[in-house]
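Residue-level structural notes
Okay, here's what each chain looks like letter by letter:
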Amino acid sequence: MRMILIGPPGAGKGTQAPKIKEKYGCCHLATGDMLRAQVAAKTELGKQAKKIMDEGKLVSDEIMIGMIKSELDTNKECQHGFILDGFPRTVPQAEKLDEMLDAKRQQLKHAIELQIDDSLLVARITGRLVHPASGRSYHKVFNPPQKAMTDDVTGEPLIQRSDDNEEALKKRLGTYHAQTAPVTDYYRKTGIWRKVDASKEPGDVWKSLLTIFN
Ligand code: ADP
Ligand code: ADP
Ligand code: ADP
């Protein structure tokens, strides 16, 4: 399986991707998680990225392309395919991805757009809880953990992302419509683009994905 998941913040990319990974045994590359790991490790890149992320802007194409290239080249899990979650977010990123895959004689199988109205995203984002080490996400109301603020699998604490507030979300949605919507147009012109109604229950979204895969 080689695919990308595109959708605004809160569309459900991080909720669905682990299910795809489990089914197909491919790697799940979530660029937001990768950046947050750099922030947590206080690397030079992490320090630069934190400010940009908190403002709801995009980290440079050059950095993001380098990050994805290095994972695709060296991560053994990606030999069996990949799910890109949060990349490409700009047209230059999409063009570079095409070049990278051409050089490997690989092809994308699916470019799936999770479509959802902006008005539904405030509740999803402001209630999101995450387990930083795994990227697992929960929701205070829609999908609460078994024990408050605790990851079901590891028992470790859950956190709220510093950019998961209404003000930062507004900026991220502005960025999405200006810079990432053109990426969906880019793939719409190919035969691999499909849309999914991401406003439904997670189980229904998963069923829509399976219909596309089969
Ligand atoms: P969400 O899950 O809410 O869609 P992500 O976790 O994917 O958000 O991304 C968080 C932030 O990381 C983005 O707002 C952006 O600043 C940065 N980021 C993630 N992926 C990319 C990318 N491909 N290009 C540029 N910036 C990115
Ligand atoms: P993304 O990775 O696209 O930013 P997430 O998968 O992290 O989005 O989902 C955002 C929040 O909404 C999380 O708290 C998650 O539990 C919740 N969520 C995900 N899918 C749905 C859904 N179909 N219905 C309601 N809430 C959802
Ligand atoms: P459904 O109730 O639609 O059948 P599932 O039971 O198939 O949903 O849930 C699939 C996965 O999504 C489970 O891991 C569950 O913990 C998670 N989940 C369920 N409801 C939500 C929600 N509202 N938001 C985010 N994740 C959810």
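Preceding this section is the structure that the text describes.
Bear in mind the structure is a predicted one, so any value in this text is a computation, not a measurement.

1. Comments concerning the site of ligand 1
Within the structure, ligand 1 sits among 18 residues, and Lys13, Thr31, Lys57, Gly86 and Arg172 are positioned closest to it. Side-chain polar atom of Arg36 to an oxygen atom of ligand 1: 3.0 Å apart, as the coordinates give it. The contact in question runs from a nitrogen atom of ligand 1 to an N or O atom on the backbone of Val59, over 3.1 Å. Relative to its free-state accessible area of 560 Å², ligand 1 is covered by the protein chains to the extent of 96%. Here the shell around ligand 1 gets four residues from one element, more than from any other, and that element is helix 2 (residues 31–40). Split into classes, the residues belonging to the shell around ligand 1 amount to seven nonpolar, four polar and seven charged.

2. Structural notes on unusual backbone geometry
Here the residue pair Phe87 and Pro88 is connected by a cis peptide bond, since its omega of -5° sits within 30 degrees of zero. For Pro88, the location among the structural elements is in the loop between strand 3 (82–85) and helix 5 (91–103). Positive phi, close to 55°, is recorded for Met149, a residue that is not glycine. Mapped onto the fold, Met149 is located in the loop between strand 6 (136–139) and helix 7 (166–188).

Criteria and thresholds
- Residues numbered from 1 in each chain as written.
- Chains lettered and ligands numbered in written order.
- Predicted model: local features only at pLDDT ≥ 70, side-chain atom pairs only at ≥ 80, totals over all residues.
- Heavy atoms only, no water.
- Near = heavy atom within 4 Å.
- Polar contact = N/O pair within 3.5 Å; in protein donor to acceptor, adjacent residues only side chain to side chain.
- Areas by Shrake-Rupley, 256 points an atom, 1.4 Å probe, with all protein chains shown as cover.
- Helix = DSSP H or I, 4+ residues; strand = E, 2+ residues; numbered from the N terminus.
- Nonpolar A, V, L, I, M, F, W, Y, C, P; charged D, E, K, R; others polar.

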